[in-house]
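Tertiary structure, described
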Amino acid sequence: MMKMMVLRVLLCSCAWIAAVCCVPPIRTQPEQVHISYPGVKNSMLVTWSTANKTESVVEFGLWGGKLFSHTAKGNASKFVDGGPENRTMYVHRVTLTDLIPAAAYVYHCGSEAGWSDIFYFTSLNESVSFSPRFALFGDMGNENPQSLSRLQKETQMGMYDVILHIGDFAYDMHEDNGQIGDEFMQQIQSIAAYTPYMTCPGNHEWAYNFSHYRGRFSMPGHTENLWYSWNVGPAHIISFSTEVYFYLEYGLDLLFRQYEWLQADLKEANRPENRAQRPWIITMGHRPMYCSTDDGDDCTQFQSYVRLGRNDTKPAAPGLEDLFYQNGVDLELWAHEHAYERLWPVYDYKVFNGSSEEPYVNPKAPVHIITGSAGCREKHDGFIPKPRDWSAFRSTDYGYTRMRLINSTHLYLQQVSDDQYGRVIDQMLLVKEKHGADAWR
């Protein structure tokens, strides 16, 4: 009898242990916190992730005031990775509204099931005379993110108002059932939880129809972050997807929808009252129209898809160079090439400098900057031995770009070499006393 009782106890204990071991852990701690500008005045959008579903709450207050004097609530979206494990997480989004422009705020996010660390940000200055400071780069991975530590320090020093990440994240976010994406988002939290982190998609986000990019970030508009625009200081900034020209298996309609949206957005930005307030029009897209690297990418080809479009589709797909030129786009920011390249003002493969002495003073075509050397596992791209006529400066150093919109006529840009311990290896002052397509005449 005693043996039977002991056996029953052991069996029950084993069953209980097996049941407990089969129950996945409850993980409600916020991770991967980042902020972005939602395109609505006096607001900021906070995004984070949890492994299990919880409430979506941000508690915040003015720096130096009562801690967490305000509360905002939002929603969580279930995200399922497309890999074999179908890993699930919840992406939380909360918009903070009625913020005082250019004021410092302290916040944390989460719920009563777990709160994040305390972070801070400065709300966007909504004035058109504001002179915003940017860090911009592309092609940063969680392996070999060489520029990250310098960017972390400079962000903590308050050097930037906005971060622009011009495509290619983590290398790749979908790998290891999405865990590489988790690690990368946790890495950039040290920047992105403090400064608005604005993005566009690159080719390394291709998996599962760009689902990780679309699901993890929170950009303005209603296109799942693929294309959007927003205003800051004297600039209208347009982010778009170059990948619609390459991943046609996800639908040719995306290419035409984006093109029609770009047409409408540029038309609105060029209305006289709008261009007077925001004279600078700046675009950011991943794959460049031009480059002088030696890897055979689209930008090395005269018949670039991004520049000239595709004739192998029905109907033929229009390129973007004419559209941007005809609408007076001032500056075009690119990445993809794991290098830095500054171009002379260029259109239709021809250089249109302002003058031989001052090529960036009232140039007669858009200026292109390629900044894809932040650091990733694919290392550097090399250059062809002889630069093209439109290539002004080239470097294979790891690094990133700083940009300052000084006012309505002056824009200053620096290239920082991380290989050379933060040395500025290139700079450009772009002067535009006249904006719009008339400036080319």
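Source: prediction; values computed, not measured. (Residues numbered from 1 in each chain as written. Predicted model: local features only at pLDDT ≥ 70, side-chain atom pairs only at ≥ 80, totals over all residues. Heavy atoms only, no water.)

A separate point is the overall build of the protein chain. Looking only at helices and strands, the protein chain features eight helices and 28 strands. Relative to a compact globule of 441 residues, whose C-alpha radius of gyration would be 22 Å, the protein chain shows 24 Å and is just as compact. Each of the three principal axes of the protein chain carries a C-alpha extent, and together these read 105 × 50 × 45 Å. Taken across its 441 residues, the protein chain has 57% of its residues classed as buried. Of the contacts formed within the protein chain by residues at least 6 apart in sequence, a portion of 70% connects residues at least 24 apart. Carbon and sulfur atoms provide 53% of the accessible area of the protein chain, an area that totals close to 18600 Å². Both charge centroids of the protein chain, one from 38 positive and one from 51 negative side chains, sit 4 Å from each other. (Helix = DSSP H or I, 4+ residues; strand = E, 2+ residues; numbered from the N terminus. Rg over C-alpha atoms; globule rule 2.2 N^0.38 Å. Buried < 20%, exposed > 50% of the residue type's maximum accessible area, 1.4 Å probe, protein only. Contact = heavy atoms within 4.5 Å. Areas by Shrake-Rupley, 256 points an atom, 1.4 Å probe, with all protein chains shown as cover. Lys, Arg positive; Asp, Glu negative; His and termini not counted. Charge placed at Lys NZ, Arg CZ, Asp CG, Glu CD.)

With respect to the element layout, Arg216 can be found in helix H4 (residues 207-216). Apart from the residues within four sequence positions on either side, Arg216 is in contact with Gln32, His34, Thr47, Met89, Arg93, Met173, Gly178, Gly181, Asp182 and Met185.

The subject of this paragraph is the domain arrangement of the protein chain. It is common to report an interface's size as the accessible area lost on association of the parts. The domain boundaries assigned to the protein chain delineate domain 1 (31-122) and domain 2 (127-439). Domain 1 and domain 2 are separated by 26 Å when their C-alpha centres are compared. Between domain 1 and domain 2, the contact holds 27 residues from the first and 28 residues from the second. Approximately 2300 Å² of surface area, both sides summed, lies buried where domain 1 meets domain 2, with 51% of it carried by carbon and sulfur atoms. Its largest share of buried area at the contact with domain 2, domain 1 owes to Gln32, His34 and Tyr37, together 25% of the area lost on that side. On the surface where domain 1 and domain 2 come into contact, there are one salt bridge. Taking the shortest distance from any N to any O, the salt bridge between Asp182 and Arg87 comes out at 2.8 Å. Linking domain 1 with domain 2 are 19 residue pairs in polar contact (both at pLDDT 80 or more). Going through the elements one at a time, strand S1 (31-36), strand S2 (44-50), strand S6 (88-96) and strand S9 (119-122) are the ones with two or more residues in the side of domain 1 that touches domain 2. With six residues, S1 is the single largest residue contributor to the side of domain 1 that touches domain 2. (Domains from an automatic or database assignment. Buried area = accessible area lost by both parts, 1.4 Å probe. Salt bridge = Lys/Arg side-chain N within 4 Å of Asp/Glu carboxyl O. Polar contact = N/O pair within 3.5 Å; in protein donor to acceptor, adjacent residues only side chain to side chain.)

This structure, assessed with the given rule, holds one disulfide. Disulfide partner of Cys291: Cys299, at an S-S distance of 2.1 Å. The disulfide joining Cys291 to Cys299 has a torsion of about 80° about its S-S bond and is therefore right-handed. This pair shows no difference in class: Cys291 is buried, exactly as Cys299 is. Cys299 supplies the cysteine sulfur nearest to Cys376, a cysteine that is in no disulfide, at a spacing of 15 Å. (Disulfide = S-S within 2.5 Å.)

Here we take up the sheet that holds strand S21 (residues 340-343). Strands sit in the order S15-S16-S17-S20-S24-S21-S25 across an open sheet of seven strands; the sheet is mixed. Edge strands, defined here as strands with exactly one partner in the open sheet, are strand S15 (228-232) and strand S25 (391-395). In this sheet, neighbouring strand axes are inclined to one another by 15° on average, regardless of whether the strands run parallel or antiparallel. Of the pairings in the sheet, the one linking S21 to strand S24 (residues 367-371) comprises three bridges and is antiparallel in character. Of the residues in S24, the one forming a bridge with Glu341 is Ile370. Packed onto the sheet, helix H5 (residues 252-269) meets S15, strand S16 (235-239) and strand S17 (280-284) and runs at close to 180° relative to S16. (Pairing = 2+ DSSP bridges. Axes fitted to C-alpha atoms, helices over the stretch in contact; angles between N-to-C directions.)

Let us now look at the packing of helix H2 (residues 148-156) against helix H3 (residues 179-192). As a packed pair, H2 and H3 sit with axes 8 Å apart at the nearest point and diverge in direction by 30°. The angle between the axes of H2 and H3 places the two elements in the roughly parallel class. Touching Leu148, Leu151, Gln152, Thr155 and Gln156 of H2 are Gln187, Ser190 and Ile191, all from H3. Classifying every residue of the contact of H2 with H3 by side-chain character gives three nonpolar, five polar and no charged. (Parallel < 35°, antiparallel > 145°, perpendicular 65-115°, else oblique. Nonpolar A, V, L, I, M, F, W, Y, C, P; charged D, E, K, R; others polar.)

Applying the stated criterion across every chain yields a total of 26 aromatic pairs. Geometrically, the ring pair formed by Phe169 and Tyr213 is tilted, given 5.9 Å between the ring centres and 35° between the ring planes. Here Phe169, found in strand S13 (residues 169-170), pairs with Tyr213, found in helix H4; they are 44 residues apart in sequence, far enough to count as distant. The exposure class assigned to Phe169 is buried, which follows from its relative accessible area of 0%. The interplanar angle of 15° and the centroid separation of 5.6 Å between the aromatic rings of Tyr325 and Trp440 together place this pair among those described as stacked. Residue Tyr325 is located in helix H8 (residues 321-326), and its partner Trp440 is located in the segment after strand S28 (423-431); the two are separated by 115 residues in the primary sequence. Here the aromatic cluster, defined as three or more aromatic residues joined through ring pairs, consists of Phe60, Trp63, Tyr105, Tyr107, Phe119, Tyr120, Phe121 and Tyr194. (Phe/Tyr/Trp six-rings, centres within 6.5 Å; stacked < 30°, edge-to-face > 60°.)

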